[in-house]
Structures are given as C-alpha cells and as structure tokens.
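# Observations on the three-dimensional arrangement
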Amino acid sequence: MSDMNGLNDKQGEAVQCTEGPVLLLAGAGSGKTRVLTHRIAYLIDQGINPYHILAITFTNKAAGEMRDRVDQIVSYGAESVWVSTFHALCVRILRRYIDRLEYENNFTIYDSDDQKAVIKTCLKKLNMDPKQYPERMMMAEISKAKERFVSPQEYDREASGQFRKMQVAKVYNEYQQRLKQNNALDFDDLLYKTVELFQFHPDVLEQYQERFQYIMVDEYQDTNHIQFLLIKQLAAKYRNLCVVGDDDQSIYKFRGANIYNILNFEEEYPEAKVIKLEQNYRSTANILKAANGVIANNEGRKEKALWTKAEEGDKVHFSLYDTEYQEAEGVVKEISRQHKNENRAYNYFAILYRTNAQSRIFEEKLLMHNIPYKIIGGQNFYGRREVKDMICYLKVIENGMDDMSVRRVVNVPKRGIGATSIDKMQAYADTYEMSLLDAMFEASNVPGLNRAAAKVESFTNLILDFRDMLKEGVFLSELYDAVLEKTGYWDELLAEKTDEAEARMENLTELKNKIVKYEQEAEHPDLAGLLEEIALVAEVDNVEESEEKVLLMTLHSAKGLEFPCVFLGGMEDRLFPSGMALNSDDPDAIEEERRLCYVGITRAREQLYLSAARQRMMHGRTDYNPVSRFVKEIPKDVITMNGNGSFAVRRQEQAAHEARESLNRKSASVTGKPYSFGNTGGKPAFGKEFKVERLQIDYGVGDRVRHVKFGEGTVTELVSGGKDYEVTVEFDKVGVKRMFASFAKLKKL
DNA sequence: AGCTGGGCAATGTGG
DNA sequence: TTGCCCAGCT
Ligand SMILES: Nc1ncnc2c1ncn2[C@@H]1O[C@H](COP(=O)(O)OP(=O)(O)OP(=O)(O)O)[C@@H](O)[C@H]1O
C-alpha cells in the first residue's frame, strides 16, 4: 500500500506524477526530500521494478537515509534502488566500463592535493613559473573546462591567440596525459569520463538508460553543466526525470554549479510538469519570516511565498560581542544554560559559520565548558600527512601505475632514495614507456643507480610482499598493520617521543578504525572499494545525529540538514558576506552569500541565535567589521537584540551619524573614557548599557597622523562603531590600515 | 641526501 | 598566523 499519509495535497501530487519530466521547485523545509522518498516508495508500489529507479542525492549520508526511509515504507525492493551521489554513481559505472576509454578499471581517484602535486610537476616540465601561473588558478581553470565538458584539445582551439589561455591549455593537456599515465582520475574526471563513455559508446549508454527508467535528482539547483549533461544522457530515452530543488538555495557556484539548470528546466523539457511547494514544515513562523525577509533582497529569483501553520515561536536572537572569544563564550554559555535549565540534549544544538577557521574558538570554549561536540570539515582527516602517506602506500599496492603516489612514499620513511635516484629511474621509465614502479622493479638495469639500486629493491620487495598478502586474502586492516610495521613508519614515530608524533600515531590508529569499519559494513570489501570510499566520503557523511554532541560546521555543509536550535556566528560584513563577495564586480556574488544566509536561517526549527563580534582576528590581523547587512535585512518585529529591544543595529548607524555630524562641525572634542575591550563577562557589549561613551580624538578625515608602528599617514575615513571610532589611515610606508581609535593611539601632527 | 631557518605570501565555501 | 619554498649548511 502506498502511503500518502504525512503528505499534503501538493506533495501527494508530486509523488504520484511519475511519468515524464517533473520539476519540483520548492522553498526550504517544504518537504522536497520527503517527497522524493515517498515517490520512490510509490513507484515501487505501482509495480515498477526498484532496479529501474535511480535517485541522486547531494551527500552519501542523504543517500543512505533515503534508502532507509524507503525501506520503512515499502515491504521489499528498497535495497535494489540505486541511491547515490553523482560521484559515486560515476565511479560505479566507470569501474565497469572505463576500459573502453583505455584506462584500467582499477583506476585511482586523485583528491585536490594530488591534483595540485600533478599540476606542479606539469608546470616544472613545461618550464612555467608557478608565480606567474599559480597552481590554484590552473586547477580552477582545468576544473572549469572539465565542468563544461571541454577536452584539452578543444580548450586549445578555444584559446587560439590568447597567450595566457594557451599556456593553460598546455598545462591542461600535460596534466590530463599524466593522469592517464598514472591511471588516475580527478573528481571532475569522474563525471567527464562517464559522459565521454556514454557519448562514444552508445551501447553502454543504452544499457544504463534501460536500467534507469525513473530518475530523480535532489538539490538540483547545485548541479553543474556536466552533471546536467549526464542526466540528459541517461534520461533521454524514457524522459521520466524528476528534479527537485530551490533556486534560493544555490550555494555552490564556486565549484561550477549552474542555477540555470533548474531555472531553465522547462526549456530543456518543454513537456515538464512544474509543481511548487510553499508550505514550510520545519521552522517556526518567526524564523521563516526572518528567512523570507533576507532572501527577498535578491533580485531575479522565482518568487515563492513560503508560509507555515506553525506558531510564531521565539524571536530570532541577535547579539553583538566585542571579540570573537566573547562571541564563542556567549554561545557556549547559552548552550550550557539550556542544557542545564531546560534539559536540552547537546545534539539539540548546531553552531554554523561561514568559514572553517571560525570553528577553532568555539571548540576552545566548548572544551573549557566540558561540552561534547563534533566538528564537521575543516582540516580534512585524510589530508593529514601521515594519513596521506599510508593511503598512498595502499594506492601504490592497488595501482602500480600511480607514479605520483609512488614518488610520495618511496622515501617515506627515509630509505636513502633521493631525488637524483628517482630522476634516473624516471628517465629510464620514460625511455621504455613504463611506469615508475615498473622501472624500479628493474632497478639493477637503470644506469647510474649504483648503491641506491639495492635500496630500491628492498622497497619494491615490500610492495610485492603487500600484494602477496592481498592475494592470500588477508583483511585490509591486517594489510594496513603490515604496511605500518614493515615500512618502519610506526617505529619511526614511536622513536620520536614527541607530542606531535603521538598525535600522528593517534590519527593512524583512527585510520585503522575506519578501515575496520569499512570492512565490517561494505558488502564486498576490497582495497579499491576502500580507497574509493576514502576519496568520495564527504565530511558531512560523518554526522551521527543520535550522538549527544553539539555539531559545528560550515553553512555549506549544513545544507539539507535541520536542527532544533541553530547558532549562526560571525555575522559581520567581510566575513559573511565574505570580503571577496563584497569586492566582486559580479552582483550575484553577494546574492549567493545571501542565499547561504537563507540556507543557514532555514536550518533552524525552533530557535535561532545570530551573533557577531566587533573585533576579530583574521589571517593574523585584527579586523573591525560592521554587523552583517543580512542581520539588518531581518524584519525588525521577529528579531531581538539580546532582549534589549531591536535597535542595536540602528544604534550603530545613529552613532555613526552623530560622529559624522560632530566631525563636520570640527568641534571633535568629545569627552568620555576610552572604550574598553576588557569586557570579561562574555555578555554582549551592547546589552549591558546604552550610555555612549565617546573617545576623545583630535583628528579628522584628511589630517596627518602618526602611529607607533606604522609611521605617518593620512586619515581617509572615520566611522563611529558605537562607542569607539573606526579609523582608516593611508600610511606612507605600509599602506591602508583600519583600526580602532582607542587602540591605535594616533597622534595628530 | 636531508635538514634548518629565514623570507614571503596568502588567507573561502567541497566532492 | 600559518604554511610554503628556497638557499645554504651538515
Ligand atoms: N507533509 C508534511 N507533514 C509534516 N511534516 C512534514 C511534511 N513534509 C515535510 N515535513 C517535515 O518538514 C521538514 C523538512 O522536510 P524536508 O527536509 O523534506 O524539506 P526540504 O524541502 O528538502 O528542505 P530543504 O530544502 O530546506 O533542505 C522535515 O522535518 C520533514 O519531516
């Protein structure tokens, strides 16, 4: 029996509309994901073979959850529905068929660190200066090309005449050749090669078209062009394609997402049925109103009138603190208070922020208060040196063509095989057109190696031993232990006896735990599968909502999730919206930040706390940023400024206005004590008192001043930040600086 | 071959 | 502030 319970009419309609293209365009919390889940169940109920259903989700975790929920609704078949992310789908297809494109089926997946390393060697080989052509920029360009499904050859053609672009084309070409030689694919290749496979091998495409007769894509607003192409290929035959998304939640432009995929869906599929969902089931009315108020400032979006039956609930809280430490303290205290007084479990709360760097201070305060927490993202576990080293060993064992990984581990720990020896073997490998590892197997034939040859041999013997172990069918965790032991990696750390080595060893043990877990949970665990999982599993996939821990993550990671109580920190211009977006000449940059804010606000079910700090250390400098414009966009009647009425923001502006007035009059002899940052209570500064204590300054815009450290300069701007002045000075020696007058101790000249 | 230290730049969101 | 790269030293 299909279950239309727990669905409203519109949702039910979307569920039952199974044939032909369907666009489900709906606001946050309107039950899009729920519809998809029920739709799969409904299809199965209608007698569609679950084998013919494909659902694409944004994260692996969402995929798992969707499968679980379908399983709860239908009596059979949920396990044969193919639910996965784009990348996981592509890997599965390519593992089977990539030999058609002359790759080996046991290809390695390169992450962005690996990519960067390859780019670096390419630049060196092409004698290009990495200062002139930064790796980062190269990676971005190549990535963009691949997202457009543009090959190195086509890119070169496009570039004709444009010198810089031609240089990029050279690197792209070299890069792609190297990946091929290493039998490796980067993340973009996973999609690119699948589309290429389908394009040049229609028989393979047709097989998958037959298989996936019903296709659903969640979070469609964040798909990129190549994903669009892939879906187009797969859906071309049956055209039973249901895409689901919210143009207001498109937040991944920086990695190629194209919002027009969803906005122009009806042009691509003219017969598409469009269904809109407008009832929000997640948030209280006040939170929803705040979200609507913010997003309304974006232009050119498809208007959606999101509404809710839920009660108003608490107002949105906003608190302005003096420093980021006080901000964190304030947030953590509130969590602690609710935990104690209102019996809230810790997994009731999430702390969200724009940048990973912000997590550190929250973490510090949580530790201090003994509150259990989990940070999602940030310094990637698999990116740590020791973890990476071990994974590279595993990669070499699996795929000997992966020269890059060979290079990485050949001398780790030190075996006395240095750059010169490697170069000689590489030259040998190039001459005989073999992989570096194969050249090493013939080390005794490599000219000029001499004594190093024996060392190389002991390394290759190690690899052979590991491969033998695999053939004998040992557990992957046993193999891992053997690698740690026989390479001497573990012993070396053990001998170090430093805290750092200790931490590394902990990480290596953690990696082992992950391997054991993989072996227990995977259906057919093998080395390729393990490496694949390591490459494709995202940080958010590690969220375990039953754990009683406060969750910390970026706004991006929080997409699609929901929490009863959300803290959104760092609500400051230049941080959120980011400085880059503010400086950008693309008006959509700010709009994307605003969408991100909308995503953040709509994660909250019952309570939403926004906070900002007047002063914050960013990249080693102290910055003074105004409260985020997004805070000001929230309708005044749904926000409280720390329980003291809704005028903290207005106050700032008013103070600034007064400051300007008094400066204009040039009678700037305002009295009062200097503003103090020694506000230890962790209470919002403005919450304490509203006396404006003015600082005495005797200079104004245009005046010459001297700073203790920066020397002489000219004041270019003076803005009151409430009690203090924010001064911008153009220094003769060190350029433009912004600072607080109370700190800067500027002397008028 | 490998380590150390100094100078310098970057500094955002992720599969 | 951190992290990266190079030069020079051991
Ligand atoms: N008809 C309904 N009745 C009751 N609750 C519902 C209904 N539809 C959805 N919900 C609830 O609303 C919340 C949001 O649903 P869901 O995550 O599917 O929304 P969404 O549109 O995918 O959200 P977002 O785009 O913000 O990620 C969930 O807690 C879900 O259980």
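Conventions adopted
- Residues numbered from 1 in each chain as written.
- Chains lettered and ligands numbered in written order.
- Predicted model: local features only at pLDDT ≥ 70, side-chain atom pairs only at ≥ 80, totals over all residues.
- Heavy atoms only, no water.
- Helix = DSSP H or I, 4+ residues; strand = E, 2+ residues; numbered from the N terminus.
- Expected span 1.5 Å × (residues − 1).
- Contact = heavy atoms within 4.5 Å.
- pLDDT = per-residue confidence, 0-100.
- Domains from an automatic or database assignment.
- Buried area = accessible area lost by both parts, 1.4 Å probe.
- Axes fitted to C-alpha atoms, helices over the stretch in contact; angles between N-to-C directions.
- Parallel < 35°, antiparallel > 145°, perpendicular 65-115°, else oblique.
- Left-handed = near helix turned anticlockwise from the far one by under 90°.
- Buried < 20%, exposed > 50% of the residue type's maximum accessible area, 1.4 Å probe, protein only.
- Pairing = 2+ DSSP bridges.
- Near = heavy atom within 4 Å.
- Polar contact = N/O pair within 3.5 Å; in protein donor to acceptor, adjacent residues only side chain to side chain.
- Areas by Shrake-Rupley, 256 points an atom, 1.4 Å probe, with all protein chains shown as cover.
- Nonpolar A, V, L, I, M, F, W, Y, C, P; charged D, E, K, R; others polar.
- Phe/Tyr/Trp six-rings, centres within 6.5 Å; stacked < 30°, edge-to-face > 60°.
- Lys NZ or Arg CZ within 6 Å of the ring centre and 35° of its normal.

### Observations regarding helix α19 (residues 419-431)
Spanning 13 residues, α19 covers 18 Å between terminal C-alpha atoms, matching the ideal 18 Å at 1.5 Å per step. Where α19 is buried, its residues meet α18 (403-409), α20 (436-441) and α21 (452-472). Downstream of α19 by one or two residues, Glu 433 has phi in the positive range, about 50 degrees.

### Side note on the confidence of the model for chain A
For chain A, per-residue confidence averages 85 on the pLDDT scale, and residues scoring 70 or more make up 89% of the total. Counted against residues more than four places away or in other chains, residues 643-694, with its pLDDT under 50, gives 98 contacts. Per the prediction output, this complex has pTM 0.83; the corresponding ipTM is 0.90.

### A closer look at the domain arrangement of chain A
Per the domain assignment, the segments making up chain A are domain 1 (9-96 + 192-277), domain 2 (108-182), domain 3 (307-378 + 545-654), domain 4 (381-539) and domain 5 (703-748). For domain 1 and domain 2, the distance between their C-alpha centroids amounts to 31 Å. Listed by partner, the interface residues are 12 residues for domain 1 and nine residues for domain 2. Contact between domain 1 and domain 2 buries roughly 760 Å² in total, counting both sides, with carbon and sulfur atoms accounting for 66%. Ranking the residues of domain 1 by area buried against domain 2 places Tyr 192, His 225 and Ile 226 at the top, with a combined share of 52%.

### Remarks on the packing of helix α17 (residues 385-398) against helix α24 (residues 499-521)
In the contact formed by α17 and α24, the axes pass within 8 Å of each other and the chain directions differ by 45 degrees. As the angle between them shows, α17 and α24 are arranged oblique. By crossing handedness, the relation of α17 to α24 is classed as right-handed. Residues Arg 385, Glu 386, Val 387, Met 390 and Ile 391 of α17 touch α24, and the partners they reach there are Arg 504, Asn 507, Leu 508 and Leu 511.

### Quick look at α21
If you check α21, its first and last C-alpha atoms are 30 Å apart, about what 21 residues at 1.5 Å a residue would give, namely 30 Å. Turning to α21, its buried residues are Ala 452, Ala 453, Val 456, Phe 459, Thr 460, Leu 462, Ile 463, Phe 466 and Met 469. Where α21 is buried, its residues meet α17, α18, α19, α20 and α22 (476-486). Immediately beyond the C-terminal end of α21, within one or two residues, lies Gly 473, with a positive phi of roughly 85 degrees.

### Some remarks on the sheet that holds strand β6 (residues 214-217)
A sheet is described by the order of its strands in space; here six strands give the open sequence β3-β2-β6-β7-β1-β8, paired in parallel fashion. Of all strands in the sheet, those bounded by a partner on one side alone are β3 (82-84) and β8 (273-277). Going from strand to strand, the sheet's axes swing by 10 degrees on average, the running direction of each strand aside. Relative to β6, strand β2 (residues 53-56) is paired through four bridges, and the arrangement is parallel. Considered in β6, the bridge of Leu 54 is made with Ile 215. Each of β2, β3 and β6 is contacted by helix α4 (residues 86-97), which is oriented at about 125 degrees to β3, the strand it contacts most.

### With respect to the site of the ligand
Around the ligand, the surrounding shell holds 18 residues, and the nearest of these are Gln 11, Lys 32, Thr 33, Arg 282 and Glu 562. Measuring from an oxygen atom of the ligand, one finds a side-chain N or O atom of Gln 249 at 3.0 Å. At 2.8 Å from an oxygen atom of the ligand is found a side-chain nitrogen or oxygen belonging to Glu 562. For the ligand, the accessible surface in isolation is 630 Å², of which the surrounding protein chains cover 82%. Ranked by residues supplied to the shell around the ligand, first place goes to helix α2 (residues 32-45) with three residues.

### Examining the side chain of Ser 283
As for its position among the elements, Ser 283 is in the loop between β8 and α14 (285-295). Polar contacts involving the side chain of Ser 283 include one to the main-chain carbonyl oxygen of Ala 604, which spans 2.7 Å. Residues contacting Ser 283, with those up to four places away along its chain left out, are Leu 288, Thr 308, Ala 310, Thr 602, Ala 604 and Arg 605.

### Comments concerning the protein's contact with DNA strand B
Surveying the vicinity of DNA strand B reveals 27 residues, the closest of which are Arg 354, Asn 356, Thr 420, Ala 538 and His 619. Within the contact set of DNA strand B, a phosphate oxygen lies 3.4 Å away from a side-chain nitrogen or oxygen of Ser 421. Contact distances for DNA strand B include 3.3 Å between a base oxygen and a side-chain N or O atom of His 556. Class assignment for the residues of the surface near DNA strand B results in seven nonpolar, 13 polar and seven charged.

### A closer look at the packing of helix α6 (residues 135-147) against helix α8 (residues 163-181)
Helix-helix packing is characterised by the crossing angle of the two axes and by the distance between the axes. One can describe the packing of α6 onto α8 by two numbers: an axis separation of 10 Å at closest approach and a directional angle of 80 degrees. The pairing of α6 with α8 is recorded here as roughly perpendicular in orientation. Residues Met 137, Met 138, Glu 141, Ile 142, Ala 145 and Lys 146 of α6 pack against Arg 164, Val 168, Val 171, Tyr 172, Tyr 175, Gln 176 and Leu 179 of α8. Tallied by class, residues from the contact of α6 with α8 come to nine nonpolar, one polar and three charged.

### Re the packing of aromatic side chains
The geometry of an aromatic ring pair comes down to the distance between the two centres and the angle between the two planes. By the definition in use, this model includes 16 aromatic pairs. Note that Arg 211 overlies the ring of Tyr 51, its terminal NZ or CZ placed 3.8 Å from the centroid.

### A few points about the environment of Phe 228
Along the polypeptide, Phe 228 turns up in helix α11 (residues 225-235). On the basis of relative accessible area, Phe 228 is assigned to the buried category, the value being 11%. Distance from Phe 228 to Val 294, taken between C-alpha atoms, is 29 Å for residues 66 residues apart in sequence. Apart from residues no more than four positions distant in its own chain, Phe 228 is found in contact with Tyr 220, Asn 261 and Glu 268.

### Some details on the side chain of Thr 85
Residue placement: Thr 85 occurs in the loop between β3 and α4. A polar contact is formed between the side chain of Thr 85 and the backbone nitrogen of Ala 88, at a distance of 3.1 Å. Not counting residues up to four positions away in its chain, the partners in contact with Thr 85 are Ile 56, Thr 57, Phe 58, Thr 59 and Asn 60.

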